[in-house]
Amino acid sequence: QVQLVESGGGLVQAGGSLRLSCAASGLTFSTYSMYWFRQNPGKEREFVAAITWTGGSTYYAESVKGRFTISRDNAKNTVYLQMNSLKPEDTALYYCAAGRQRWRVVVPTPSSADIGSWGQGTQVTVSS
């Protein structure tokens, strides 16, 4: 059974930084693209960033490009999201996700149908 466990969320002032981590188990991590999404109550889940199975390519939503960096460590089965220059509008529940198919990345707008597994989410709150 696939498990994705996020950590690193919290409360930060605008302009600050946070680093999210997502530890994966139950899958051959190095063969799946990984994604970060975010969601606020009453709104649709929003794509944030993606990284291919080797880590060789990364993709970002326009709203976070230049401020967020996705990376992965296949030896540790972990994917990261470094978030800098945070804004109040970045406030959301952040989810880690694994692609549904091996050796495939779906961008620029992956949907829930493209995702095989979700984490439980970690809250990020940015105060102004």
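Residues numbered from 1 in each chain as written. Predicted model: local features only at pLDDT ≥ 70, side-chain atom pairs only at ≥ 80, totals over all residues. Heavy atoms only, no water.

J.: Please clarify how the pattern of salt bridges should be interpreted in this entry.
T.: Note that side chains of opposite charge can pair when their charged atoms are close. Here the structure, examined in full by the defined rule, presents four salt bridges. Among the ionic pairs, Lys65 bridges to Glu62, the shortest N-O distance being 2.7 Å. What you see here is one network of salt bridges that share partners, running through Arg38, Glu46, Arg67 and Asp90. (Salt bridge = Lys/Arg side-chain N within 4 Å of Asp/Glu carboxyl O.)

J.: I'm lost on the sheet that holds strand S7 (residues 68-73) in this one. Help?
T.: The strands making up a sheet are joined through hydrogen bonds of the backbone, oriented either antiparallel or parallel. Reading across from one edge, S1-S3-S8-S7 is the order of the four strands in this open sheet, with antiparallel pairing throughout. This sheet does not close on itself; its edge strands, each paired only once, are strand S1 (3-7) and S7. Direction aside, neighbouring strands of the sheet carry axes that sit 15° apart on average. Two elements, S7 and strand S8 (residues 78-83), share six bridges in a ladder whose sense is antiparallel. The partner of Ser71 across the bridge, within S8, is Tyr80. (Pairing = 2+ DSSP bridges. Helix = DSSP H or I, 4+ residues; strand = E, 2+ residues; numbered from the N terminus. Axes fitted to C-alpha atoms, helices over the stretch in contact; angles between N-to-C directions.)

J.: Just checking my understanding: could you explain the environment of Ser117 for this structure?
T.: For Ser117, the location among the structural elements is in strand S10 (residues 115-118). On the basis of relative accessibility, which here comes to 15%, the residue Ser117 falls in the buried class. Here the alpha-carbon distance between Ser117 and Ser21, two residues 96 residues apart in the chain, equals 16 Å. Apart from residues no more than four positions distant in its own chain, Ser117 is found in contact with Val2, Leu4, Cys96, Ala97 and Ala98. (Buried < 20%, exposed > 50% of the residue type's maximum accessible area, 1.4 Å probe, protein only. Contact = heavy atoms within 4.5 Å.)

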